[in-house]
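Listed below, chain by chain, are the residues.
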Amino acid sequence: MAVNGLRPVAEIQFQDFIYPAFDQIVSEAAKLRYRSGGQYTAPLVIRTPYGGGIRGGLYHSQSGEAYFCHTPGLKVVIPSTPQDAKGLLIASIEDPDPVIFLEPKALYRSTKADVPEGHYTVPLSTLRTVREGEHVTIFCYGAMVPVCAKAAEQAAAKGIEALIVDLRTLLPLDEEGVLDAAKRTGRVVVVHEAPRFCGFGGEISALIAENAIEYMEAPIARVTGFDTPFPNTLEHHYLPDDRRVLDAIQHVAGF
């Protein structure tokens, strides 16, 4: 459909069940522009709920964004607000390349806001400043954005002002924006609910270490899920919460 001029928007419920389609996504759709020398593109959007927070157990709570971020030719987008959900989705549909549009299922019923009527877009590969701060920079996305905002409020009560940056688009990432935000404070915390090992936080950490290490006043801290299958009854221990994020903020601020 995409090759023949349409702009299909597919939905896979949930991201946990996307893997039977993995080969077609990463081996075909993602590589079509490259293998055709730019003659063909695949303007396809795949919407899929991801992440925990709904007591769905191990088959309804996984965060697989890193799998797709490892594939050149794809774009990976994750909204955290109703306004961004609409604006980023329209921008994804209008984009000429395949987009994996990951929707944090924990935010479906926990986040509400007015959404502008009519057509508008939020440009892909742009960051959103959630909160201004001068002491610590927090990079996050999806359902971790409100968690980090809550932790930042608690940190502010202790005299630590955190700059919160919502990444919104993981691939292609606004690398210049990430580096600028990291340099502004010299202290960085990265938060995501996916497992720590080979998680997207490692890429953010490496980007800063390779390009802005001289600006860093403390080691980069990561607050993530654990390197285990997603638990059912222990979901509240697995997912990063405001307490764990606050501990990381205090650690890097006091280093």
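Above this text sits the structure in question.
Only a predicted model underlies this, so the values are computations on that prediction, with no experimental measurement involved.

What counts and what doesn't
Residues numbered from 1 in each chain as written. Predicted model: local features only at pLDDT ≥ 70, side-chain atom pairs only at ≥ 80, totals over all residues. Heavy atoms only, no water. Salt bridge = Lys/Arg side-chain N within 4 Å of Asp/Glu carboxyl O. Buried < 20%, exposed > 50% of the residue type's maximum accessible area, 1.4 Å probe, protein only. Helix = DSSP H or I, 4+ residues; strand = E, 2+ residues; numbered from the N terminus. Contact = heavy atoms within 4.5 Å. Phe/Tyr/Trp six-rings, centres within 6.5 Å; stacked < 30°, edge-to-face > 60°. Axes fitted to C-alpha atoms, helices over the stretch in contact; angles between N-to-C directions. Parallel < 35°, antiparallel > 145°, perpendicular 65-115°, else oblique. Left-handed = near helix turned anticlockwise from the far one by under 90°. Nonpolar A, V, L, I, M, F, W, Y, C, P; charged D, E, K, R; others polar.

(A) Representation of the pattern of salt bridges in the model. As enumerated under the stated definition, the model contains 10 salt bridges in all. Ionic pairing is found between arginine 35 and glutamate 28, a salt bridge with its closest N-O pair at 3.3 Å. The class for arginine 35 is exposed, based on a relative accessible area of 60%. Here glutamate 132 and arginine 184 are joined by a salt bridge, their closest N and O atoms 2.8 Å apart. Here glutamate 132, found in the loop between β5 (128–131) and β6 (136–140), pairs with arginine 184, found in helix α6 (residues 175–185); they are 52 residues apart in sequence, far enough to count as distant. Judged by its relative accessible area of 43%, arginine 184 falls in the partly exposed class.

(B) Seen up close, the environment of phenylalanine 200. Within the secondary structure layout, phenylalanine 200 lies in helix α7 (residues 200–212). For the pair phenylalanine 200 and aspartate 174, spaced 26 residues apart in the sequence, the C-alpha separation amounts to 14 Å. Leaving out residues up to four positions away in the same chain, phenylalanine 200 has contacts with Cys69, Tyr141, Leu167, Leu170, Leu173 and His192.

(C) Representation of the packing of aromatic side chains in the model. Applying the stated criterion across every chain, the model contains seven aromatic pairs. When the centroid spacing of 5.7 Å and the interplanar angle of 85° are considered together, the rings of tyrosine 19 and tyrosine 67 count as edge-to-face. Highlighted residues: tyrosine 19 in the loop between β1 (9–11) and α1 (22–29) and tyrosine 67 in helix α3 (residues 65–69), separated in sequence by 48 residues. Classification of tyrosine 19 by relative accessible area gives partly exposed; the value is 29%. Ring centres 5.5 Å apart and planes at 55° place the aromatic pair phenylalanine 22 and phenylalanine 68 in the tilted group. Taken together, the residues phenylalanine 22 in helix α1 and phenylalanine 68 in helix α3 connect sequence positions 46 residues apart. Look at phenylalanine 68 and you get buried, because its relative accessible area is 0%. Clustering of aromatic rings is evident, with ring pairs tying together Tyr19, Phe22, Tyr67 and Phe68.

(D) The packing of helix α5 (residues 144–156) against helix α9 (residues 242–253), seen in detail. Relative to each other, α5 and α9 sit at 55°, their axes nearing to 8 Å. One element, α5, and the other, α9, form an angle in the oblique class. For the pair α5 and α9, the crossing hand works out as right-handed. Together, Val147, Cys148, Lys150, Ala151, Ala152, Gln154 and Ala155 of α5 and Asp242, Val245, Leu246 and Ile249 of α9 make up the contact between the two elements. Here the residues of the contact of α5 with α9 are counted per class, giving eight nonpolar, one polar and two charged.

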